[in-house]
Amino acid sequence: MSHHIRLALAAILLVTFYAAVALTILIWVTLVILMFDVAGSVWATTLPVTGFLFCAGTAVPVYALGDAARRSLFLVDTPSTPSLEVGRGRAAALHALVDELAERLEISEPVRIRLHTAVGAEAVDEDTRFLGLSAGNHVLSVGLPLLAALPHRQVRAVMAHELAHLSLRHHRVRAFTLRLETSLTVARESLISFGTANGLVGMYVGLPQAMIGLYIRLFRRLVQPVRRRQELEADHTAARLCGAPTLAEALANRAVVEPLWIEFHRTYLDAAPDGVLPVDPFRAFARTMADPGVQDRLPALRARMVEAPAAQNEFGPSHPHLAYRLRRLTKGQEPAAAIACRPDAALLPVLLPGQIAGLLARYVGASTLPWQDWIDRWVDARNAVLVEPLCAAVRTLAGPEHQPVELHQVLHLLEAGQRMPLARALAGRVPEAHREPDDPLALLSAALLALVKSRLTERPGPGSPLPQLVRDAVLQPSHVSRLSLHLAGCGVDETAPAQDTPETGQHPSDEPEQAGYSTAKVSGGIPEAGRRVISSVRAVTLTVLIVVVAVGGLRWTTRDKPAFVPPTRVTPTYSPVYPISPPLSSQPYAPLPSASAYPFNPEDRFRLPSPVLTPPDFYLSATP
């Protein structure tokens, strides 16, 4: 099927969806009016309660379909995530790059730049009218993690790919296909949530869901191949501007940035100590990407992301498989073993604290620190939870049980060559997120350093030899004495008990709160959003039911009742076997023969008398 035929059929599919929704609303309104007419009928003996329940149960699904059609009909294509539009003064380098690419791609309309926190970039046409057929505003949405993690030339390749969609007029196709996708998505989600929230509504959502499922299958067959073809066309155009190898590197590294940003957000921002956050999280992410430990992980992570299945939703994948796109760009050759991903953050704009708070909700009213000071504080807070498991491991090996642990006990175990048993006992008492699978002694070093820092009166400076001394004491028992001398010079009392909570005889897996970390407790109740949906659906259903019953009851009580007519007694009449004409006055009946002409039979008195039949007229007129 050709490209233009698919688009024509997709436009017809959108129009038929609007027509189906309008017909559904018309049928429902007609049904309600019919129920009122039945209730006010002369011959109605009872209220049509079943019809009223059907009207109340189908009101919410009809509303869901109408709301989906309304949203897509008056759709303004804006991003669903928080975003920030930046001008040339705050992002001059980024605007200069976009202007240069737009000139080379012959895009005459100005392109606005909007920043968000998702990983990716997208060129859209906003504020379109007439179902997207009229031109709108060209907007390039760029993810800040992408600007922070990719070098300048790879960011330029990604921008060229997105602007190529505008140059090739792909946004016109997206304008009305997005409306159909929005309609189907909103309708399906609403029907599922409304049907789950109320049992009466759930009885009538089956047919609308089947209709939405049919439209989704047709959409998947018609539109998604067009979108995948457009991605390949944009790749070809961007490769002519930036080079196919550079674009291949950018596409491969963009797939890697998303899981790393999620990991960074979960590890650093969500687990911020005491609610203190880094002053610029995106530049902090760039520093994290440049860390040698992260760079060593990139090849394996990139290979896994390239071979992973294409991202898809219920409409199917909208992008071709990444491995297929890379093979097309590299002419079937294998990509280089090490694809460069050294972020320079050259295009990353400097944002104000209020602008960062508008993008990340955790920054609203939060305290911030420079990255180096913040990361030192985060490391201390992270390692502080290892003190209690370390003390528990020491009590297990050296005893006595249920007694505070002293620092000299830990050093004595290390000096006695018990570092591996101590490390294994410690690893069994900490969460999975704190373990170091490649270096089991690294966890022990971090726990001992946290224990030592808890005994110091002030935090050691950046040039302090304490971290290296702790590491050497864990690796080599002969270096424990050097650590002891350094601690004595700092005024640390090794015999003072550590500030931990003794065990109560239960393993940390049984009582997680006693192991220095907390676990999330999931309540068995319904979430707040679910309770609001249930309340809203119940309110709408009861309102419709009360209204239709009230109006129908009023019609039923004021209906015209039929007048009572008493029954009349009907005298039965006997008709002859054959029709009889009335006798003619001019031709009298012939006289009957005399009784003596017939002999008397005594048995005739027990027989019923026979009816006397009047002879027809032609017998009267016949001559004997």
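Calculation notes
- Residues numbered from 1 in each chain as written.
- Predicted model: local features only at pLDDT ≥ 70, side-chain atom pairs only at ≥ 80, totals over all residues.
- Heavy atoms only, no water.
- Helix = DSSP H or I, 4+ residues; strand = E, 2+ residues; numbered from the N terminus.
- Buried < 20%, exposed > 50% of the residue type's maximum accessible area, 1.4 Å probe, protein only.
- Contact = heavy atoms within 4.5 Å.
- Areas by Shrake-Rupley, 256 points an atom, 1.4 Å probe, with all protein chains shown as cover.
- Axes fitted to C-alpha atoms, helices over the stretch in contact; angles between N-to-C directions.
- Parallel < 35°, antiparallel > 145°, perpendicular 65-115°, else oblique.
- Left-handed = near helix turned anticlockwise from the far one by under 90°.
- Salt bridge = Lys/Arg side-chain N within 4 Å of Asp/Glu carboxyl O.
- Expected span 1.5 Å × (residues − 1).
- Pairing = 2+ DSSP bridges.
- Phe/Tyr/Trp six-rings, centres within 6.5 Å; stacked < 30°, edge-to-face > 60°.

Trainee: Now, about the overall build of the protein: what can you tell me, with residues and values included?
Mentor: Scanning the protein from terminus to terminus reveals 23 helices and eight strands. The 624 residues of the protein split such that 42% are buried. Residue pairs at least 24 apart in sequence account for 79% of intrachain contacts in the protein once pairs closer than 6 positions are excluded. Taken as a whole, the protein presents about 34600 Å² of accessible surface, with 60% of it coming from carbon and sulfur.

Trainee: Describe the packing of helix α16 (residues 387–398) against helix α17 (residues 407–415), and please don't skip the residues or the numbers.
Mentor: One can describe the packing of α16 onto α17 by two numbers: an axis separation of 10 Å at closest approach and a directional angle of 60°. Here α17 runs oblique to α16, going by the angle between their axes. Judged by the twist between their axes, the crossing of α16 over α17 is left-handed. For the pair formed by α16 and α17, the contact residues are V394, L397 and A398 on the first element and Q409, V410 and L413 on the second.

Trainee: Describe the pattern of salt bridges, listing the residues and the values that go with them.
Mentor: For the structure shown, the criterion picks out 14 salt bridges. The residue R88 makes a salt bridge to D99 at a minimum N-O spacing of 2.5 Å. One end of the pair, R88, is in the loop between β1 (83–85) and α3 (92–104); the other, D99, is in helix α3, and eleven residues separate them in sequence. E249 serves as the salt-bridge partner of R153, at 3.0 Å between the closest nitrogen and oxygen. Here the residue R153 occupies a position in helix α5 (residues 152–167), and E249 occupies one in helix α10 (residues 244–269), the gap between them amounting to 96 residues. Several salt bridges converge on common partners, so that one network encompasses D67, R70 and R71.

Trainee: How would you sum up α16? Please name residues and give values.
Mentor: Along an α-helix, residues three or four positions apart point the same way, because every turn accommodates 3.6 residues. If you check α16, its first and last C-alpha atoms are 16 Å apart, about what twelve residues at 1.5 Å a residue would give, namely 16 Å. Counted residue by residue, α16 has nine buried out of twelve residues, so it is predominantly covered. Listed in full, the buried residues belonging to α16 are V387, E388, P389, L390, C391, A392, A393, V394 and R395.

Trainee: I'd like a description of unusual backbone geometry, backed by residues and values.
Mentor: Here E106, not a glycine, exhibits a phi torsion of approximately 60°, which is positive. The exposure class of E106 is exposed, given its relative accessible area of 71%. In this structure, R169 takes a positive phi of about 65° despite not being glycine. Mapping R169 onto the fold places it in the loop between α5 and α6 (170–197).

Trainee: Which residues make up the pairing of strand β4 (residues 137–143), and what values do they have?
Mentor: In terms of burial, β4 is largely enclosed, as six of its seven residues are buried. Across six bridges, strand β2 (residues 111–116) lies against β4 in parallel orientation. Pairing of R114 across the sheet is with S141, part of β4.

Trainee: Could you give me a rundown of the pairing of β2, with the residues and numbers involved?
Mentor: With five of its six residues buried, β2 lies for the most part within the structure. Bridge analysis of β1 against β2 gives three bridges, and the strand direction is antiparallel. Looking at the pairing, L84 lines up with L115 of β2.

Trainee: So what about the packing of aromatic side chains? Which residues, and what values?
Mentor: What describes a pair of aromatic rings is the distance from one ring centre to the other and the angle between the planes of the rings. Counted by the stated rule, this structure contains eleven aromatic pairs. Each ring, one from F54 and one from Y204, has its centre 5.1 Å from the other, and the planes form 90°; the classification is edge-to-face. Of this pair, F54 sits in helix α2 (residues 49–73) while Y204 sits in the loop between α7 (199–202) and α8 (206–222); the two residues are 150 residues apart in sequence, bridging distant segments of the chain. Residue F54 is classed as partly exposed on the basis of its relative accessible area of 33%. With a relative accessible area of 23%, Y204 lands in the partly exposed category. With centroids separated by 5.2 Å and ring planes inclined at 80°, the aromatic side chains of W261 and F285 adopt a geometry described as edge-to-face. Residue W261 is located in helix α10, and its partner F285 is located in helix α11 (residues 281–289); the two are separated by 24 residues in the primary sequence. For the pair W261 and F285, a shared accessibility class is recorded, and that class is buried. Feature note: the residues W261, F264, Y268, F282, F285, W371 and W374 constitute an aromatic cluster, connected by ring pairs.

Trainee: A description of the side chain of R325 should follow, citing residues and the corresponding values.
Mentor: Residue position: R325 is located in helix α13 (residues 322–329). Excluding residues that lie within four positions of it along the chain, R325 makes contacts with H161, E231, L232, D235, L251, R254, H319 and P320.

Trainee: Account for the environment of L115, naming residues and giving values.
Mentor: Within the fold, L115 resides in strand β2. Linking L115 and P82, residues 33 residues apart in sequence, is a C-alpha distance of 8.7 Å.

Trainee: Give me the lowdown on α17, citing residues and values where you can.
Mentor: When α17 is considered as a whole, its buried residues turn out to be L407, Q409, V410, L411, L413 and L414. G417 occupies a position one or two residues after α17 and carries a positive phi of about 80°.

Trainee: Describe in detail the environment of L326, supporting the description with residues and values.
Mentor: Within the element layout of this structure, L326 appears in helix α13. For L326, a relative accessible area of 10% gives the class buried. C-alpha of L326 to C-alpha of D235: the two residues are 91 residues apart in sequence and 9.8 Å apart in space.

Any link to function would need more than the numbers given here.
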